[in-house]
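These are the residues of each chain, in order.
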Amino acid sequence: MFTKTVFTKTMLTMVGYCWLCHQNLYFAHHGICHFCWQSLKRLENVCPRCSLPASSRDLPCGRCLKEPPLWQRIIAVTDYAPPLSQLIRRYKYHSTPQLAAVLARLFLLHWLQGYRDGRWSKPDCILGIPLHRQKRWQRGFDQVELIIRPLARWLQCQYQPNLLQRTRATLTQRGLSAAQRKTNLKHAFQLRGDFTDQHVVIFDDVITTGTTLHEATQLLIHAGARSVQAWAICRTL
Ligand SMILES: [Zn+2]
Ligand SMILES: [Zn+2]
């Protein structure tokens, strides 16, 4: 259903070499060569609910059985480790918005594999974890929005930016304790719209502790969402 032609037509990058190994690319818009894609150490033996190492990829791990997260599933391509962690840093901090389509395509390839294997189904809509407007202004673009746009188009899912908004600037979650992270994000988001019976995806470039995801999922459940999944390029293990 999601044919290659849909995304080959919509992805244009200015470079004709692989962002990871710098070899020439046959299809310049792919951004990553076939060899580098095949060599990525993808998340295979992880729990479907929390995406952390587990004995089975089909059954929730002990942590999730004891304390089930609000979301149904986390899908991420790799651990937050090189080479994708470097590519994401380059994308976000070195003003390289053209990497958005490359990262979106990597996620799509990973997702399509699981979709064809019947491991997951297509959601109704995608929401992005929002940047605070001050950060967006500093960076010049919203890294999550630029990845979701092509992804939503290829998958024919609804996407409207700004349905989920940050109401205030928050401290970076890095280095905070679990309790501090919760307090830091309390009432930090606002959700608009009715999600009754919708299967919703929340997208972030990297999922670290899951506290942000928890806050956003809570709002979606209150707004009637039938299920919530989280998608990311990387998951910190
Ligand atoms: Zn390569
Ligand atoms: Zn788990």
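Residues numbered from 1 in each chain as written. Chains lettered and ligands numbered in written order. Predicted model: local features only at pLDDT ≥ 70, side-chain atom pairs only at ≥ 80, totals over all residues. Heavy atoms only, no water.

With an unreviewed UniProt entry as reference, the protein chain is termed Competence protein ComF, source organism Xenorhabdus innexi. Turning to the protein chain, the UniProt record has this under Sequence similarities (unreviewed entry): "Belongs to the ComF/GntX family." (UniProt positions renumbered as here; feature names shortened; annotations may be inferred.)

S.K.: What's the story with the overall build of the protein chain in this structure? I'm lost.
M.R.: The number of helices and strands found in the protein chain is nine helices and seven strands. With 237 residues in all, the protein chain has 51% of them scored as buried. Contacts in the protein chain between residues far apart in sequence, at least 24 positions, make up 69% of those at least 6 positions apart. When the accessible surface of the protein chain is totalled, it reaches about 12600 Å², and 51% of it is carbon and sulfur. (Helix = DSSP H or I, 4+ residues; strand = E, 2+ residues; numbered from the N terminus. Buried < 20%, exposed > 50% of the residue type's maximum accessible area, 1.4 Å probe, protein only. Contact = heavy atoms within 4.5 Å. Areas by Shrake-Rupley, 256 points an atom, 1.4 Å probe, with all protein chains shown as cover.)

S.K.: Can you walk me through the side chain of R166 in this structure?
M.R.: Inspection of the secondary structure assignment puts R166 in strand β4 (residues 164-166). Here R166 sits buried without a salt bridge, and the closest side chain of opposite charge, D204, lies 6.4 Å off (N-O distance). Within the structure, R166 has its side chain in polar contact with the backbone oxygen of P130 (distance 2.7 Å). (Lys, Arg positive; Asp, Glu negative; His and termini not counted. Salt bridge = Lys/Arg side-chain N within 4 Å of Asp/Glu carboxyl O. Polar contact = N/O pair within 3.5 Å; in protein donor to acceptor, adjacent residues only side chain to side chain.)

S.K.: For this particular structure, what's the right way to read the sheet that holds strand β3 (residues 158-159)?
M.R.: Sheet strands line up and pair through hydrogen bonds in the backbone, either parallel or antiparallel. Strand order in the open sheet formed by five strands is β1-β7-β6-β2-β3, and the pairing between neighbours is parallel. With partners counted over all chains shown, the strands left at the sheet margins are β1 (73-79) and β3, one partner each. Packing against the sheet, helix α7 (residues 143-155) makes contact with β2 (125-128), β3, β6 (199-207) and β7 (227-235), and its axis sits at approximately 140 degrees to β6. (Pairing = 2+ DSSP bridges. Axes fitted to C-alpha atoms, helices over the stretch in contact; angles between N-to-C directions.)

S.K.: How should the nonpolar core be read in this particular structure?
M.R.: For soluble globular proteins, nonpolar side chains are generally found buried alongside one another. Membership of the largest hydrophobic core comes to 43 residues, with the highest contact counts inside it found for F107, F203, W231 and I233. Elements that contribute at least two residues to this core include exactly α2 (34-39), β1, α4 (84-93), α5 (99-116), α7, β6 and β7. Residue contributions to this core peak at 11 residues, all from α5. Setting aside residues no more than four positions away along its own chain, I233 makes contact with A76, V77, T78, L84, I88, L103, F107, I147, F203, D204 and D205. (Core = buried A, V, L, I, M, F, W, Y, C linked by side-chain atoms within 4.5 Å.)

S.K.: I tried to follow unusual backbone geometry on my own but got confused; where do I start?
M.R.: The omega torsion across P82 and P83 is 5 degrees, close enough to zero to call that bond cis. Position of P83 relative to the elements: it lies in the loop between β1 and α4. Unlike most non-glycine residues, S51 shows phi in positive territory, near 65 degrees. Considering the arrangement of structural elements, one finds S51 in the loop between α2 and α3 (62-66). The backbone of S95 sits at a positive phi, close to 50 degrees, despite the residue not being glycine. For S95, the location among the structural elements is in the loop between α4 and α5.

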